[in-house]
Amino acid sequence: MKVGLILDLDGVICDTAHYHYLAWKELAKSYGIELTEAHNEELKGVSRVDSLKYILSLGDVTLTDEQFQRDLTSKNEHYLQFVMEMGPQHLLPGVPYFFEQVNHFNLPIALGSASKNAQLVLERVGLDKKFTAIVDANTVVNGKPDPETFLKGAEMLKIAPEFCWVFEDSAAGIAAAINGGMKAVGIGTPEQLPAANYHYSNLGEFDFNLLKLGRN
Ligand code: BG6
Ligand code: MG
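Residues numbered from 1 in each chain as written. Chains lettered and ligands numbered in written order. Predicted model: local features only at pLDDT ≥ 70, side-chain atom pairs only at ≥ 80, totals over all residues. Heavy atoms only, no water.

Novice: Pulling in residues and values, what's your account of the coordination of the magnesium ion (ligand 2)?
Specialist: Bound to the magnesium ion (ligand 2) are the protein donor atoms Asp8 (OD), Asp10 (O) and Asp169 (OD), situated 2.0 to 2.1 Å from the metal. Between the donor residues of the magnesium ion (ligand 2), the gaps in sequence give the motif D-x1-D-x158-D. Using a relative accessible area of 5% as the deciding quantity, one classes Asp8 as buried. (Donors = N, O, S within 2.8 Å, 3.2 Å for Na, K, Ca; no water. Buried < 20%, exposed > 50% of the residue type's maximum accessible area, 1.4 Å probe, protein only.)

Structure representation (structure tokens):
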């Protein structure tokens, strides 16, 4: 059976979810809003624009379009300061092993990220040449939980959605995988990601036997 893998980036491949949180937290503070870890769970997998709308709703803050754009830019500049310090040592545990297995089984693999910085982050951690296809926020109209990101990835891999396995740390991403008819592998706990079909604390724990490779 031919299967395809589709990986989220932030929080699955590297700990950039934490950098997003730090940058949003500082911006939220400037509005007098205390952004908590629980709020941050809601922001995982959510686009840059929708994240800012969510934060503003926490404090009933209204911005002009100009201020909104200015604050998006300043959050991104803050986030990029963290990214520019990153290197291959910032891969999450188990990621190098996971990619060894992907090579070993010669599996088609796509990136499916909600980030506009995906290409840059992949370059920083040295994985930009490892993907058959890259789908990110620059190429998609409807963000997660809409399945467009992953359906596009499946199409580029030329694998039917039901044979695609999506690896995600966000509730929005797990919902997107399920909405697309794919297997949803949660990188997180069942409490964080109740809708996922499987749960692991990192990519390296994934059981490749589940893919039933070679049994066709
Ligand atoms: C997602 C992250 O991958 O990308 C979100 O989970 C982030 O936290 C979103 O807001 C957009 O990222 P960027 O890099 O385009 O601001
Ligand atoms: Mg993520």
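After presenting the structure, the write-up continues.
Novice: Let's hear about the sheet that holds strand 5 (residues 183–187): which residues, and what values?
Specialist: For sheets, the rule is that strands pair by backbone hydrogen bonds, running either parallel or antiparallel. Taken in spatial order, the 6 strands of this open sheet run 3-2-1-4-5-6, and their pairing is parallel. On the outer flanks of this sheet lie strand 3 (133–135) and strand 6 (198–200), each paired with one strand and no other. Taking each pair of neighbouring strands and ignoring which way they run, the sheet shows an average axis angle of 20 degrees. Sheet analysis places strand 1 (residues 4–7) next to strand 4 (residues 164–168), joined by 4 bridges and oriented parallel. In the strand pairing of strand 4, Gly4 is matched with Cys164. (Pairing = 2+ DSSP bridges. Helix = DSSP H or I, 4+ residues; strand = E, 2+ residues; numbered from the N terminus. Axes fitted to C-alpha atoms, helices over the stretch in contact; angles between N-to-C directions.)

Novice: I'd love a proper account of the nonpolar core, names of residues and values included.
Specialist: Counting residues in hydrophobic clusters, the biggest one holds 35 residues, and the most contacted among them are Leu5, Leu7, Ile13, Phe98 and Phe167. Those elements that provide at least two residues to this core are strand 1, helix 1 (16–30), helix 4 (65–83), helix 5 (95–104), strand 2 (109–112), helix 6 (118–125), strand 4 and strand 5. Of all hydrophobic cores here, the second largest spans 16 residues; its members include Ile159, Ile174, Ala176 and Ala184. (Core = buried A, V, L, I, M, F, W, Y, C linked by side-chain atoms within 4.5 Å.)

Novice: Residue-level account of unusual backbone geometry, with values.
Specialist: A cis geometry characterises the amide bond from Lys144 onward to Pro145, with omega recorded as 15 degrees. Its location among the elements puts Pro145 in the loop between strand 3 and helix 7 (148–157). In the Ramachandran plot, Asp60 falls in the positive-phi region, its phi being about 50 degrees despite a non-glycine side chain. Inspection of the secondary structure assignment puts Asp60 in the loop between helix 3 (48–58) and helix 4. One non-glycine residue, Lys212, lies in positive phi territory at about 50 degrees. Positionally, Lys212 belongs in the segment after strand 6. The exposure class assigned to Lys212 is partly exposed, which follows from its relative accessible area of 41%.

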